Amino acid sequence: MVTEKHKKRMFALCDLVKTWSECPEGRQHACILTIDGKWVVSTGFNGVLEGDCPEKTCNTYTKAKMIEVCMALHAESNVVKNSPIPTKGLIAFVSKEPCMDCMDLLKAFGIKEVHWQEEKSIRGFHAF
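In short, a report on the structure. Chains are numbered independently. Their residues run from 1 in the order of the written sequence. Residues qualify for local features only when their pLDDT is at least 70, as the model is predicted, and side-chain atom pairs are given and counted only at 80 or more; totals for whole chains, interfaces and linings, by contrast, use all residues. By convention in this description, side-chain values take in all heavy atoms of the structure and omit both hydrogens and water.

## A look at the pairing of strand 3 (residues 91–94)
Part 1 of the reasoning: Where burial is concerned, the two faces of strand 3 agree: the one with Ile91 and Phe93 and the one with Ala92 and Val94 are both buried.
Part 2 of the reasoning: Sheet analysis places strand 1 (residues 30–35) next to strand 3, joined by 4 bridges and oriented antiparallel. Bridge pairing in strand 3 links Ile32 to Phe93.
Part 3 of the reasoning: When DSSP locates at least two bridges between a pair of strands, those strands are taken to pair. Runs of E in the DSSP output that reach at least two residues are strands. Runs of H or I that reach at least four are helices, and both are numbered from the N terminus. Here strand 3 pairs with strand 4 (residues 113–118) via 4 bridges, running parallel. Directly across from Val94, in strand 4, lies its bridge partner Trp116.
Part 4 of the reasoning: A crossover gets the label right-handed when its path from the first strand over the helix to the second runs clockwise, viewed with the strands pointing away from the viewer. Crossover connection from strand 3 via helix 4 (residues 100–108) to parallel strand 4: handedness right-handed. Residue burial is assigned from relative accessible area. The probe radius is 1.4 Å, only protein chains are included, and a residue is buried under 20% of its type maximum, exposed over 50%, and partly exposed in between.

## A short note on the nonpolar core
Part 1 of the reasoning: Core analysis: the largest hydrophobic core is formed by 14 residues, its most contacted members being Cys31, Leu33, Ala92, Val94, Leu106, Ile111 and Val114.
Part 2 of the reasoning: Those elements that place two or more of their residues in this core are strand 1, helix 3 (75–82), strand 3, helix 4 and strand 4.
Part 3 of the reasoning: When residues of this core are assigned to their parent elements, the largest contribution, 3 residues, is made by helix 3.
Part 4 of the reasoning: If you look at the next biggest cluster of nonpolar residues, it comprises 9 residues, including Cys14, Ala30, Ile91 and Phe93. By nonpolar core we mean a set of buried residues, namely Ala, Val, Leu, Ile, Met, Phe, Trp, Tyr and Cys, connected to one another through side-chain atoms within 4.5 Å.

## Looking at the side chain of Ser42
Part 1 of the reasoning: Looking at where Ser42 falls in the secondary structure, it is placed in strand 2 (residues 39–45).
Part 2 of the reasoning: In terms of polar contacts, Ser42 uses its side chain to reach the backbone amide nitrogen of Ser83, at 3.4 Å.
Part 3 of the reasoning: Apart from residues lying up to four places away in sequence, Ser42 is in contact with Cys31, Ile32, Leu33, Val79, Asn82, Ser83 and Pro84. As used in this structure description, the phrase polar contact means that two N or O atoms lie within 3.5 Å; if the pair is within protein, one of them must be able to donate a hydrogen and the other to accept it, and residues adjacent in sequence are counted only when both atoms belong to side chains. Contacts were defined at the residue level, with two residues in contact if any of their heavy atoms lie within 4.5 Å.

## Focus on unusual backbone geometry
Part 1 of the reasoning: One non-glycine residue with positive phi stands out, namely Asp36, at about 55°.
Part 2 of the reasoning: Summarising the element assignment, Asp36 is placed in the loop between strand 1 and strand 2.

## Comments concerning the environment of Val17
Part 1 of the reasoning: As for its position among the elements, Val17 is in helix 1 (residues 4–17).
Part 2 of the reasoning: For the pair Val17 and Asn46, spaced 29 residues apart in sequence, the C-alpha to C-alpha distance is 9.8 Å.
Part 3 of the reasoning: Excluding anything up to four places from it in sequence, Val17 contacts Ala30, Ile32, Thr43, Gly44 and Phe45.

## Notes on the pattern of salt bridges
Part 1 of the reasoning: Each reported salt bridge corresponds to a side-chain nitrogen of Lys or Arg within 4 Å of a carboxyl oxygen of Asp or Glu. Overall, the coordinates contain 2 salt bridges when judged by the stated rule.
Part 2 of the reasoning: Ionic pairing is found between Glu4 and Lys7, a salt bridge with its closest N-O pair at 3.4 Å. Taken together, the residues span about one helical turn, with Glu4 and Lys7 both in helix 1 at a distance of 3 residues.
Part 3 of the reasoning: Looking at Glu4, the relative accessible area reads 44%, which means it is partly exposed.
Part 4 of the reasoning: Among the ionic pairs, Asp15 bridges to Lys18, the shortest N-O distance being 3.8 Å.

This is the structure we're talking about:
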């Protein structure tokens, strides 16, 4: 079981990691994978696979246009890609509730729990 102390630490780390994203404010998002909610294995944030984002003006687009031109992967995709060890049985901490595709992705990679925060309070938990 993950303690409240460790949840707060992991969410503080999510708040830091999401600032590494080049995505505009409001579209920044982070995910970290841990062993037992205590030891960090991998970090991920919204962004392109390698290098700098070629599309720096996505915050000026409509949502439909942004979906068409955005090359960024979600934080959850990047975190499993970056993991140096198999992800089965790990616990994920996410800066906001994952979309359904990302929740399915985490489940497919064997993540056993997903914790997320909203408005600086711990709101969500899902065990697979």
